[in-house]
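Each chain is listed here by its residues.
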Amino acid sequence: METTVKILSFHREDRSSDPNHPQSILLDYISSCQNLRIYSINTAIRDHTNNEQLQKGKQIDGWWRQVSKGERMMDYMSLDDRSIGMFWVVSYTMTQPACETVMNWLTSAGVTDYLPGPNVAPNERYTVLRETSPLPISLLSGLSIHLLCKLAQQMEESLFSSQVVPSIAMVETYARLMLIAPHSLFRSLFSHLAQRNPTLLSKPGVSLLAVEILNYRLLPLYRYQGKSKSLMYDVTKIISALKGKRGDHRLFRLAENLCMNLILSLRDFFLVKKEGKGPTEFTETLNRITISSLAIIIKTRGIAEADHMLLIQTMLEQILGNSQHTWSERTLRYYPALLREALIGRMDKRSLAIQAWQQVETTVINQCTQLFSPSADPTYFMTYIGHSFPQHRQHLCAGAWILMQGHPENINSANLARVLREFSPEEVTLNIYTMVDVLLHHIHVELQHGHSLQDLLLKACANLAFFMWTHELLPMDILLLALTDRDDDPYALHIVISLLDKQELQQRVKLFCMNRGPPEHWLYSGTFKRVELQKALGNHLSWKERYPTFFDDVAARLLPVIPLIIYRLIENDAMDPADRILDKYSSFLAYHPLRFTFVRDILAYFYAHLPGKLIVRILSVLDLSKIPFSESFPHHISSSNPAICPLPPPDYFAALLFGIVNNVIPPLNTNSKEISSTSLRSQHKSPPTSQSRLPNTSDGQKSFYQIQDPGTYTQLVLDTAVIEILSLPVSPSQIVSSLVQIVVHIQPTLIQSSNGLHSSPSNAILPNSPSGGSTDSMSAGRSTPSTSGVNTTNFVSRSGCTSQQLSCLLIQACGLLLAQLPLDFHSQLYMEASRLIKDSWWLTDGKRSKGELDSAVGYALLDPTWAAQDNTSTAIGNIVALLHSFFSNLPQEWLEGTHVIIKHLRPITSVAMLRIAFRIMGPLLLRLAGAHSLFNKTLQLLLNTMVDVFGRNSQPSIPVEASEIADLIDFLHHVVHYEGQGGPVQSNSKPRPEVLALCGRAAENLRPDIQHLLSHLKPDMSSSIYAATYPKMVQNSA
């Protein structure tokens, strides 16, 4: 009783007077759960509740008894908000009854018999649950975790262990449960099913259903959870087991399509085999897609880790050792250098393929004539299947194509279909690639004989249409990819474009969209319609299949293919066809689970090569109403004459940075006195203006299912800013200059805005630091902080931060944004940063004394977080901080480009500039501790800057003693120990021999007094205690 009384009084005194306050709503919800539980225990406890609490518990209990009474079925589709809230309460207090009512709803329509098609005997019919409506995700999202787990367990039993085929509504509800489940409850479906029963996945239909769910419902979830790679390895096992198995095409093609989607969904480097050894188990198609995906990843995101850079060559050998493909010059010119160098010398084996065809052509044509003539001998079919040679079977489709002569009705399509079904999936794939090479070769031969190119292309399209959709003999996704990959043939892409323009294909895609329902399936409240097996999968895949489909469709298999075709068209400068195909298939691409990533990546991959019209078309793939674009963004990309499109104003770029500050960058740590005003920034934001597009609190708190691509609102805001920058019809140098100018002038701009807001005369004039305050790079304009052109009054007032804190966050935001952009922007940043540093007035003024310069460089290199506190931030300090933020967000592969900024600063003639160089590159050395080659290059660069100032033949403008740079020498000692240890320095840490040798070579060019300070970093055992610890180095010295 005492415990109950304490529970009832829980948080009663903490309730807000506002009933609509989030805390009040939450506490009221908790109270409702407690009251219902207490009400249902016994009458004695009820005596300790007040009348209000008693009525609440009684009300919920009475509602539950009424809706679950007798045989009445609770209609989840007609629940109002109040009823949904009461059901949530019940889910916490009576989990089992709530679970039973949900399962009863999903099975309430009863069962029916399902006969898959004409090729199946009546005694092989399935019993299938009739369709109901899936449970709304708005209802599921508030259920207790206990109920979610019980429902998932019950549904898995019905989906994968029952003799009755589940309804689409149950499968959809299960998928919705997975989408809203907490991160800690995520389980890999294959692993989970194997743990339940090791033989479960071998049951008919179980693997098909599991792969359908993964491919068409949970793909973004696996990427969000970081499980795409492990799922790819699991699916590869299925593919490897089936690719040589005769007649098992449906599961193989579905698994292959899932693997395509997984490979293209990855955003960082991956191994094609989990163990990392041996040849890949991928199919030829997957090998080619893997190379394309790697090219996109490396070019648009870089290789993140040093270890991955060491593995890339091994991975390429695994793929190329199992692939016959060669990539065209037009494709390779867009590939990153790392891949281009590995692929450019690859032998083109098409001539060998044509020779192989010519050697067997007579035999194959003879076999095809016997198989496909109208009067074919029925017994020859089994003879061919059992006794033909592999080199003849792989040319079967090529032989059939030759026999058609543009008239598909010339051959017996039924027999061709029978033979292809009896082939293994691997043999069908090989037939497709061989047929493509033969038909392209045949076109060239016929042209030499004087035939019309237009007639030849029309005949080729007619034959291919026969294969793909007239009789549905071959998977059209693989056939379109095979043609697309032969883009170095002048007619291959013409055929692809003609096929995509065909009304038959477009009608097939429209039918898919009509049957599938809206792209955001998790919001659909209607009843799903099951498509007949043959209509969904076509003749080739549905033959002898019995298990019905749920979401699978041959048209859906094109979702990963259309984007790849767009890439290839752009590579071949076919901009107008790419625009037309995007226009025709835009409604279809709405079903692409990762279309936002597709838009972001294609803009980055082809940056500076896309016409403005095509950029606008690519953007139209998105649901623009759900993307947080700046309000002025459409205006900046819709200029009628892109050649003279003006640069957006500074306010536009500032708004992008403020959006990142508010939604991406974590808030600065604050002390206890500042918490009330600064740490809860999001709670004190005013409603956003249209210019800045700062979202309200609900945007940042959206669940994963609402933002499945890219996965979080944080990533959405960052990538949206990237998309905006990449879409602007202005040069990278103009964009970088605008962003850097904001950073350079950010403190005076914010302070001016803050003063205007608060009218505080005490802050009206900036303090004069030895370096000229925060305006040192403005030369004569040092007293006019408005030179940045940014009106930040609204930003400061809504940020909840002081102007000093906000300036630091904006610098971080700018570095983060620039690091997401292509390499074109990086080179411009290095040029702009070095220019501003060299143009600083106190570095160029030869009349300044050594003391003034020392003071200036001290202020310039203060961390902006500290300098901002007393308004002594400088342009150089801001630029250095920007570079550090930029470096920290770069992938490992792109860090080598950072050397450019020091090369722009050289030759270095003063200690002040030497300190700036060390301050820029110093922190980077610690990050490179695991990348020995790049560490050595960076260390060599810094040592060369020391030689510029303290070399044997250097003549500094002001004589400097060696003791003046003792701190830099100490840093070098520390950093080489850090790299030798591979982490924090220990008592037994020592530099690596290669580093000692590098330092020794550099020291030979330094003044003797500087050499003395570096004596322990030489490979000479007589002077270096570290060199003496390496036996080989001792022997070499001797």
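Conventions we followed
Residues numbered from 1 in each chain as written. Predicted model: local features only at pLDDT ≥ 70, side-chain atom pairs only at ≥ 80, totals over all residues. Heavy atoms only, no water. Helix = DSSP H or I, 4+ residues; strand = E, 2+ residues; numbered from the N terminus. Areas by Shrake-Rupley, 256 points an atom, 1.4 Å probe, with all protein chains shown as cover. Buried < 20%, exposed > 50% of the residue type's maximum accessible area, 1.4 Å probe, protein only. pLDDT = per-residue confidence, 0-100. Contact = heavy atoms within 4.5 Å. Arc of directions from axis to C-beta. Core = buried A, V, L, I, M, F, W, Y, C linked by side-chain atoms within 4.5 Å. Axes fitted to C-alpha atoms, helices over the stretch in contact; angles between N-to-C directions. Parallel < 35°, antiparallel > 145°, perpendicular 65-115°, else oblique. Left-handed = near helix turned anticlockwise from the far one by under 90°. Nonpolar A, V, L, I, M, F, W, Y, C, P; charged D, E, K, R; others polar. Phe/Tyr/Trp six-rings, centres within 6.5 Å; stacked < 30°, edge-to-face > 60°. Lys NZ or Arg CZ within 6 Å of the ring centre and 35° of its normal.

**Some remarks on the overall build of the protein**
Working step 1: Helix and strand content of the protein: 55 helices and 2 strands.
Working step 2: Accessible surface for the protein amounts to roughly 43700 Å². Of this, 52% is attributable to carbon and sulfur atoms.

**Examining unusual backbone geometry**
Backbone geometry follows two general trends: most residues other than glycine have a negative phi, and most peptide bonds adopt the trans configuration.
Working step 1: Here the amide bond leading from Asp709 into Pro710 is cis, since omega sits at 15°, within 30 degrees of zero.
Working step 2: Its place among the elements puts Pro710 in the loop between helix 38 (697-700) and helix 39 (713-727).
Working step 3: Here the bond from Arg906 into Pro907 is cis, since omega is 0°, no more than 30 degrees from zero.
Working step 4: Structurally, the position occupied by Pro907 is in the loop between helix 49 (899-905) and helix 50 (911-927).
Working step 5: Notably, Glu472 is not glycine yet its phi reads approximately 50°, a positive angle.
Working step 6: Mapped onto the elements of the fold, Glu472 is located in the loop between helix 25 (453-470) and helix 26 (476-484).
Working step 7: Assessed through its relative accessible area of 18%, Glu472 is described here as buried.
Working step 8: Backbone geometry places Ala608, a non-glycine residue, at a positive phi of 75°.
Working step 9: Within the fold, Ala608 resides in the loop between helix 33 (595-605) and helix 34 (612-619).

**Some details on the confidence of the model for the protein**
Working step 1: Taken as a whole, the protein shows an average pLDDT of 83; of its residues, 79% reach a score of 70 or greater.
Working step 2: Contacts of residues 670-697 to residues separated by more than four positions or lying in other chains number 49 contacts, the stretch itself having pLDDT below 50.
Working step 3: Overall, residues 756-787 carries pLDDT values under 50, and its contacts beyond four positions in sequence, including any with other chains, amount to 55 contacts.

**Focus on helix 20 (residues 378-387)**
In an α-helix, one full turn covers 3.6 residues, which means residues spaced three or four apart are oriented alike.
Working step 1: Every buried residue belonging to helix 20 is among Tyr380, Phe381, Tyr384 and Ile385, and all of these are buried. Buried residues of helix 20, seen end-on, are gathered within an arc of 135° and therefore sit on one face of the element. Of the exposed residues in helix 20, the ones pointing more than 90 degrees away from its buried face are Thr379, Met382, Gly386 and His387.
Working step 2: Taken together, the buried residues of helix 20 touch helix 19 (350-372), helix 21 (390-393), helix 22 (396-404) and helix 23 (413-422).

**Brief notes about the nonpolar core**
Working step 1: Within the largest apolar cluster, 326 residues are counted, with the highest numbers of intra-cluster contacts made by Phe467 and Ile495.
Working step 2: If you tally residues by element for this core, the top one is helix 50, at 11 residues.
Working step 3: If we skip the residues at most four places from it in the chain, Ile495 touches Leu439, Leu440, Ile443, Leu457, Ala460, Cys461, Leu464 and Leu483.

**Considering the packing of helix 50 against helix 52 (residues 966-981)**
Working step 1: Between helix 50 and helix 52, the shortest axis-to-axis distance is 11 Å and the interhelical angle comes to 15°. On the basis of their axis angle, the class for helix 50 and helix 52 is roughly parallel. Here helix 50 and helix 52 pass one another in a crossing that is left-handed. Facing Leu914, Arg915, Phe918, Gly922, Leu925 and Leu926 of helix 50, the residues of helix 52 in contact are Asp967, Leu968, Phe971, Leu972, Val975 and Tyr978.
Working step 2: Residue composition of the contact of helix 50 with helix 52, grouped by class: 9 nonpolar, 1 polar and 2 charged.

**Focus on the environment of Ala414**
Working step 1: Mapped onto the elements of the fold, Ala414 is located in helix 23.
Working step 2: According to the relative accessible area criterion, Ala414 is partly exposed, its value standing at 46%.

**Considerations on the packing of aromatic side chains**
Working step 1: Summed over all chains, the structure comprises 26 aromatic pairs.
Working step 2: On the numbers, 6.1 Å between centres and 45° between planes, the contact of Trp64 with Phe87 is tilted. With Trp64 in helix 4 (residues 51-67) and Phe87 in helix 5 (residues 81-93), the pair connects residues that are 23 residues apart, well separated along the chain. Neither Trp64 nor Phe87 differs from the other in exposure class; each is buried.
Working step 3: Here Tyr567 and Phe606 contribute two aromatic rings whose centre-to-centre distance is 5.4 Å and whose plane-to-plane angle is 45°, an arrangement assigned as tilted. A residue pair is termed long-range when its members are at least 10 positions apart, and Tyr567 in helix 30 (residues 561-571) and Phe606 in the loop between helix 33 and helix 34 qualify at 39 residues. Each member of the pair, Tyr567 as well as Phe606, carries the same accessibility label: buried.
Working step 4: Chaining the aromatic ring pairs together yields one cluster made of Trp63, Trp64, Tyr76, Phe87 and Trp105.
Working step 5: The cationic tip of Arg530 hangs over the ring face of Phe550; the distance from NZ or CZ to the ring centre is 4.7 Å.

**Observations regarding helix 29 (residues 533-542)**
Working step 1: With respect to burial, helix 29 is a largely interior element, 7 of its 10 residues being buried.
Working step 2: Within the span of helix 29, buried status applies to Leu533, Ala536, Leu537, Gly538, His540, Leu541 and Ser542.
Working step 3: In this structure, the buried side of helix 29 is in contact with strand 1 (111-114), helix 14 (250-265), helix 23, helix 24 (425-448) and helix 28 (503-516).
Working step 4: Just past helix 29, the residue Lys544 takes up positive phi, approximately 65°.

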